[in-house]
Amino acid sequence: MALVVGASEMAENPLVIDDPLLVEGRYIASIPFLCEYFTNGKNAEAAQSVVENGRKHAHLMLGAARIAQEVERNCGLSTTVMFSYSRSTRPQFEAAVSSSKILLLSTTLTATWQFAEKIALHAKLVNPSIIVIAGGMRVFKSYKLYLKEKEIDNFELNDTLLFSAEPFNSAVDYLIVSLYGERTVAKLINSLLKNDGQWRKLPNVSWYQRNIGNFTIPTILEEEPNDCEVDWSRIPVPPFPVPWYPVQVGQGCPFKCSFCDYAAVAPKVTRCSPESIFRTISSIPPWKDGLRRVLFTNDNLLISRTVAKEFLTELIKRDLHVVWKAFVRADTVQDEEIADLMQKSGCRLVFIGVESCEQTVLSNMSKHTTVEMIRRCVLLLLERSVLVRAALVVGFPGETRETVEATMNFFNNLPVVGALEVQPVTLVLSPLSPLSEPAQREQFGVTGMWSNWLHRTMSSIEADVFLSRMPSMLLPHLSVPYETDSIIEDVASVSSDARRNVYRIRNLLHKHQQQLSTTSTTATTISSVDPIETQLWNDLEAAVLAMITSTTSPSILPPENSRPQPIPSTTSTSNATATTIAANSNATPTVTPAPSSVSIPASSQESSATQGANVSVPTQQATGGDIQQPTTVTTTKVE
């Protein structure tokens, strides 16, 4: 038997707002938590248990499914698939490892190589004879970084180089160094099972030399992309709270944004055959409301208007009872026809690579979009009740305090319609991105690498502090995702207007608590004496319950009798049982906020520091309508 593990760190380390609203001083007030909390007697511990039970199986991973399918088809081995590795799944992991000959690790969603090594070492401790094979994007990028290091002397590469000349310890035995390595995996396993030594001649295969302490340099042969088809009906999956099945419609991206390294890693743009895409979708088991939930994994699902129209029209024609979410570019959604097709075909959520809402920064990025394009795309989707998550990159050359303010003002001045989330991250300067090439480094005065960089208009330190202040610069009806907001909820069923109202009251409450914390020395007793906070908690409860009743499917989290139940360890990763929620006190929760002010070190163009934005929020209006536009945020100098 072979064990296939999707080595994802996302379930343990999701995107987290630095200073979220807390319930009872401990529990993050995410939407799934609040739904459990307010519908089950305000028992915070029980609500958190249910959320954690769902969080540990937060992602189905396409790479793990495809590897298992290839191994079963071409190696004659049965497989057990684990879509996550965490503290809660370790008993199932150890049981599967003890009965497996081979462990296959997919590193595509692995933030660090050390995480893959931790899994491999754990497997070796349980079963010393197990063969560990790792592949995926983390491995392939490491080979690309090795080549980049050879090209440039003294190049700062702050990452684990699997092909370094320096010796290091590894529990991994073999690496698959390919973007499309499923067929190579099968060839390697067949050779190892036959013990014929032919694996040494295979291209795209590296092995760990224990007597030397490093991996061999592989012979690279470009492999043809796979057709991406997966038969999900044959792959047992854990009892996810709401399962969104990953579907790939192609590989590669035709754009070369300066901050992104994907074009250097996957320069060839291919599209899977329509029949394989729709067979994959058809194989997805419908959820209890009869709808198939699809996450299109491409970096850019709709690479052009023509492709978008053809694909969405066919998806509607097939009538597969699908709801879906995907990553899109703003320039592909510029007219009502495409937006209508997206809505009609089942689009519920889009991640838009906005990056910035200031034209100079967008131009420096080679983004090939305009601020007006972004506005048009966002509004077209919000008006059709599609949840929009706008991704931002903070700190690209040209970024200043003023451009950060301009980006926040852009969102604040949009008409209040639908539900909009803003998801900022600081620039990570990859050595494989165009920005790291000598010409652009010289053009923008860039020094440093990864998360430690400096250019003519900003430093990574300044970008980090601006990032921490951005949530407070947004109006209350806008939101930065909380931990688990974007992981285990069902965005297919939630009314956009109701969701926006929850954001609004949650953010008003959070801001009010922050203001109180600056004037009170006893934060844990604030809620018992402050009438505005008490009213806001009551309003939040009413808004959450209204959101639940506004859903078009049964619930955001499944009812108690359909939550995770024990399943055989030979077919899945989870042994979790449902958590019983008992009624508890109806007391108002308490909040322990962090300090609301932070200093920003002076950039190369500023002589003094800046502080977070001053947004005046009329807390007394919490029970009223949405905050009206327009508004402007500004940052103030600290003398």
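Residues numbered from 1 in each chain as written. Predicted model: local features only at pLDDT ≥ 70, side-chain atom pairs only at ≥ 80, totals over all residues. Heavy atoms only, no water.

(A) Summary view of the pairing of strand β6 (residues 131-135). Burial of β6 is extensive: four of the five residues sit out of reach of the surface. Where strand β5 (residues 102-106) lies against β6, five bridges are found, and the strand directions are parallel. By the bridge assignment for β6, Leu104 is matched with Ile133. Viewed along the sheet, the connection from β5 through helix α5 (residues 113-126) into β6 turns out right-handed. Relative to strand β7 (residues 174-176), β6 is paired through three bridges, and the arrangement is parallel. Across the sheet, residue Gly135 finds its bridge partner in β7, namely Ile176. (Buried < 20%, exposed > 50% of the residue type's maximum accessible area, 1.4 Å probe, protein only. Helix = DSSP H or I, 4+ residues; strand = E, 2+ residues; numbered from the N terminus. Pairing = 2+ DSSP bridges. Right-handed = clockwise from strand over helix to strand, strands pointing away.)

(B) The confidence of the model for the protein chain, seen in detail. With 80% of its residues at a pLDDT of 70 or more, the protein chain has an overall mean of 82. Across residues 10-14, where pLDDT falls below 50, the model places 15 contacts with residues more than four positions away in sequence or in other chains. Scored below 50 in pLDDT, residues 633-639 shows 27 contacts in the model against residues more than four places distant or in partner chains. (pLDDT = per-residue confidence, 0-100. Contact = heavy atoms within 4.5 Å.)

(C) Inspection of the packing of aromatic side chains at higher detail. In total, this model carries 21 aromatic pairs according to the counting rule given. Seen from their ring centres, Phe296 and Phe311 are 5.6 Å apart, and the 80° between their planes marks the pair as edge-to-face. With Phe296 in strand β13 (residues 292-296) and Phe311 in helix α10 (residues 305-318), this pair connects stretches of sequence that are 15 residues apart. Owing to a relative accessible area of 0%, Phe296 belongs among the buried residues under this scheme. An angle of 85° between the planes, with centres 5.2 Å apart, marks the rings of Phe410 and Phe411 as edge-to-face. Every member of this aromatic cluster is reached through a ring pair, and the members are Tyr27, Phe33, Tyr37 and Phe38. Stacked on the ring of Trp244, the Lys or Arg Lys325 has its end atom at 4.4 Å from the ring centre. (Phe/Tyr/Trp six-rings, centres within 6.5 Å; stacked < 30°, edge-to-face > 60°. Lys NZ or Arg CZ within 6 Å of the ring centre and 35° of its normal.)

(D) Inspection of the sheet that holds β13 at higher detail. Here six strands make up an open sheet; going across it, the order is β10-β13-β14-β15-β16-β17 and the pairing parallel. Bordering the open sheet on either side are β10 (245-247) and β17 (420-426), each of which pairs with just one other strand. For this sheet, the mean angle separating the axes of adjacent strands, direction not counted, is 20°. The pairing of β10 with β13 spans three bridges and is parallel. Among the inter-strand pairings, Val247 is bridged to a residue of β13, identified as Phe296. The sheet contacts of helix α16 (residues 460-473) involve β16 (387-394) and β17, and relative to β17 the element is tilted by about 165°. (Axes fitted to C-alpha atoms, helices over the stretch in contact; angles between N-to-C directions.)

(E) Expanded view of the pairing of β13. A large share of β13 lies buried, amounting to four of its five residues. Once you follow β13 into α10 and on to strand β14 (residues 322-328), the crossover reads as right-handed.

(F) Examining the sheet that holds β6 more closely. If you trace the seven strands from one edge of the open sheet to the other, you get β4-β1-β5-β6-β7-β8-β9, paired in mixed fashion. Pairing within the sheet leaves two strands with one partner each, and these edge strands are β4 (79-82) and β9 (214-215). Sheet contacts for α5: β1 (2-6), β5, β6 and β7; angle to β5, the most-contacted strand, approximately 165°. This element, helix α7 (residues 182-194), spans β5, β6, β7 and β8 (205-209) of the sheet and lies at about 150° to β7.

(G) Region of interest: α5. The terminal C-alpha atoms of α5, which comprises 14 residues, lie 20 Å apart, in line with the 20 Å expected from a rise of 1.5 Å per residue. Among the residues of α5, those classed as buried are Trp113, Phe115, Ala116, Glu117, Ile119, Ala120, His122, Ala123 and Lys124. (Expected span 1.5 Å × (residues − 1).)

(H) Quick peek at the packing of helix α1 (residues 31-39) against helix α2 (residues 44-55). At their nearest, the axes of α1 and α2 sit 8 Å apart, and the two run at 135° to each other. Judged by the angle between their axes, α1 and α2 are oblique. As α1 packs across α2, the resulting crossing turns out to be right-handed. Together, Pro32, Phe33, Glu36 and Tyr37 of α1 and Ala44, Ala47, Gln48, Val50 and Val51 of α2 make up the contact between the two elements. Across the contact of α1 with α2, the residue classes break down as seven nonpolar, one polar and one charged. (Parallel < 35°, antiparallel > 145°, perpendicular 65-115°, else oblique. Left-handed = near helix turned anticlockwise from the far one by under 90°. Nonpolar A, V, L, I, M, F, W, Y, C, P; charged D, E, K, R; others polar.)

(I) Up close: the environment of Tyr85. Tracing the backbone through its elements, the reader meets Tyr85 in the loop between β4 and α4 (90-98). A sequence separation of 30 residues divides Tyr85 from Phe115, and the C-alpha atoms of the two residues are 9.6 Å apart. A distance of 2.7 Å separates a polar atom in the side chain of Tyr85 from a polar atom in the side chain of His122. (Polar contact = N/O pair within 3.5 Å; in protein donor to acceptor, adjacent residues only side chain to side chain.)

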